[in-house]
Amino acid sequence: MTIVRSPATTPSAQQSRLLRDTLGQFATGVTVITTRDADGQPAGMTVNSFNSVSLDPALVLWSIDKQSLGYEAFTTRDHFAVHVLRADQQHVSNLFAGRGSDKFGQIHWYEGPNGIPRLEECAAYFHCSRAQCIEGGDHTILLGTVLEFTAFGGEPLVFHRGRYRALAGD
């Protein structure tokens, strides 16, 4: 076991890698967040920083890197949708994690409330209004008020230690 202390100044590349690897010990679900950009075009990205915040009022959060291509769309638009991916949707995660141009042309989706793109066949769906953007280092945390939600079920897509994983049986 190696203990690494975070420096008060900018960490080295090696420290950043060690921190990323250590954070990777925490298994997460995988989501795709969607919205529309200022021109009305669909925007989406794969996110594993999604979390519940509160049941009353119904709030969720996720974070976005300030260098992300969709940063402006997600931090300035009023609504977004969270799609919790199923175990058989690794291809959807990979598609929205990439920088390809026409992601929405490669999947089935339709227009949901407020014109926000809604992906088909996910484990769960949340339609949210952006409540607040909170600065958090090199990321911005988006707090959303849940306006509509649906659980479809199925095994979730899980990410752990840099890889997709399956849940262990009961």
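Scroll up a little and you will see the structure.
As the structure is a prediction and not an experimental result, all values here were calculated from the model.

### Focus on the sheet that holds strand β11 (residues 158-160)
Ordered in space as β1-β11-β12, the three strands form an open sheet in which the pairing is antiparallel. The sheet terminates laterally at β1 (28-29) and β12 (163-165), the two strands that pair on one side only. The sheet contact formed by β1 and β11 spans two bridges and is antiparallel. Bridge assignment links threonine 28 to a residue of β11, and that residue is phenylalanine 159.

### Topic: the packing of aromatic side chains
A full pass over the atoms with the stated rule returns six aromatic pairs. Seen in terms of ring centroids, phenylalanine 50 and phenylalanine 126 are 5.6 Å apart; in terms of plane orientation they differ by 40°. Their pairing is tilted. One end of the pair, phenylalanine 50, is in the loop between β3 (42-47) and β4 (51-55); the other, phenylalanine 126, is in strand β9 (residues 124-136), and 76 residues separate them in sequence. Three or more aromatic residues joined by ring pairs make a cluster, and in this case those are Trp62, Phe74 and Phe80. Lying over the aromatic face of tyrosine 125, arginine 118 brings its terminal NZ or CZ to 3.6 Å of the ring centre.

### Observations concerning the sheet that holds β9
Either a parallel or an antiparallel arrangement is found when strands of a sheet pair, and the pairing is made through backbone hydrogen bonds. With antiparallel pairing, seven strands are arranged side by side in an open sheet as β3-β2-β6-β9-β10-β5-β4. Of all strands in the sheet, those bounded by a partner on one side alone are β3 and β4. Strand-to-strand twist of the sheet, defined as the mean angle between neighbouring strand axes without regard to direction, takes the value 30°. When β9 meets strand β10 (residues 139-151), the two strands line up antiparallel, connected through twelve bridges.

Reading the values: the criteria
- Residues numbered from 1 in each chain as written.
- Predicted model: local features only at pLDDT ≥ 70, side-chain atom pairs only at ≥ 80, totals over all residues.
- Heavy atoms only, no water.
- Pairing = 2+ DSSP bridges.
- Helix = DSSP H or I, 4+ residues; strand = E, 2+ residues; numbered from the N terminus.
- Phe/Tyr/Trp six-rings, centres within 6.5 Å; stacked < 30°, edge-to-face > 60°.
- Lys NZ or Arg CZ within 6 Å of the ring centre and 35° of its normal.
- Axes fitted to C-alpha atoms, helices over the stretch in contact; angles between N-to-C directions.

Spatial relationships are all this shows, so hold off on functional conclusions.
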